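Secondary and tertiary structure notes
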Amino acid sequence: MGIGITGYLQSSEEQKSWLSDLYEYLRDYDKNYSAKLGIPISVKLSTVKPSGTLSLLAGVTSGAHPAIYQYFIRRIRVSSSNILLLKLARKHKYHIEFQKNFDGTDDMNTMIIEFPCRYPDGTILAKDMSAVDQLNTIKELQTNWSDNSVSVTVYYKLNELDEIKEWLKENFKFNVKSCSFLLHNDHGFKQAPFEEITKEKYEELIKKVIPI
């Protein structure tokens, strides 16, 4: 099973304190329910996914991630054959363009829809959280909650590489299962899934679209 949590870094300290007790409760529940069904108990019960889509629907930060930016453009890739979805986005005046290939030509099979987005004031942002702090959040969740991988992309700055290496030397074997790293800024990706913008740019863009 994969009973997951999301929006973790927007939760209160009280809410975070529930996890260990909740995990034990779920273990007991799984034991009793499995006995009623006459099946083995779950080997793995809990997880923390990267949680892109579900978190967007709930309006919270993804999984165990901080908010990547306060104001940003979120790019969603869809098939060019998805006529109904593209028609809906155009009707609501969202910017749409072809995905670019590495050589700069258009990928005619894939379209990108751009959404201006913001997180609530007070949300923990990646720029205010060190890579090691993010890694310690993974360790905390892997210890107190998750049987399956705590799957996270850690946003880092170049001057943090030595600290990251030291942390991984001490913790990788027992505290990390699935972890990726991405430069927070200056990563060089065109049409990146997230692009930081100013508050003024966000307000300009949001006036041009009709919320779906």
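Before reading further, recall that the structure is shown in the block above.
These remarks concern the structure in this document. (Residues numbered from 1 in each chain as written. Predicted model: local features only at pLDDT ≥ 70, side-chain atom pairs only at ≥ 80, totals over all residues. Heavy atoms only, no water.)

1. Observations concerning the overall build of the protein chain
Scanning the protein chain from N- to C-terminus turns up seven helices and eight strands. Principal-axis analysis of the C-alpha atoms places the extent of the protein chain at approximately 55 × 45 × 35 Å. By the burial criterion, 41% of the 212 residues in the protein chain qualify as buried. Residue pairs in contact within the protein chain that sit at least 24 positions apart in sequence constitute 73% of those at least 6 positions apart. Summed over its atoms, the accessible surface of the protein chain is roughly 13,100 Å², and 56% of this surface lies on carbon and sulfur atoms. In the protein chain, 27 side chains carry a positive charge and 27 a negative one; their mean positions are 7 Å apart. (Helix = DSSP H or I, 4+ residues; strand = E, 2+ residues; numbered from the N terminus. Buried < 20%, exposed > 50% of the residue type's maximum accessible area, 1.4 Å probe, protein only. Contact = heavy atoms within 4.5 Å. Areas by Shrake-Rupley, 256 points an atom, 1.4 Å probe, with all protein chains shown as cover. Lys, Arg positive; Asp, Glu negative; His and termini not counted. Charge placed at Lys NZ, Arg CZ, Asp CG, Glu CD.)

2. Here's the deal with unusual backbone geometry
At K93, a position not held by glycine, the phi torsion is positive, near 70°. By the secondary structure assignment, K93 is in the loop between α4 (83-91) and β4 (95-100). In the Ramachandran plot, Q191 falls in the positive-phi region, its phi being about 55° despite a non-glycine side chain. Considering the arrangement of structural elements, one finds Q191 in the loop between β7 (178-183) and β8 (194-196).

3. Structural notes on helix α5 (residues 131-144)
The terminal C-alpha atoms of α5 lie 20 Å apart, and with 14 residues this matches the ideal 20 Å at 1.5 Å per residue to within 8%. For α5, every residue scored as buried is listed here: A131, V132, Q134, L135, T137, I138, L141 and Q142. Buried residues along α5 sit against α2 (19-37), β6 (151-156), α6 (161-175) and β7. (Expected span 1.5 Å × (residues − 1).)

4. Quick look at a nonpolar patch on the surface
The grouping of L22, Y25, Y29, Y33, L37 and I39 at the surface amounts to a nonpolar patch, some 640 Å² of accessible area in total. Within the secondary structure, L37 sits in helix α2. (Patch = residues over 30% accessible without salt bridge, like charges linked within 9 Å, V, L, I, M, F, W, Y side chains within 5 Å. Salt bridge = Lys/Arg side-chain N within 4 Å of Asp/Glu carboxyl O.)

Nothing here speaks to function; it is all geometry.
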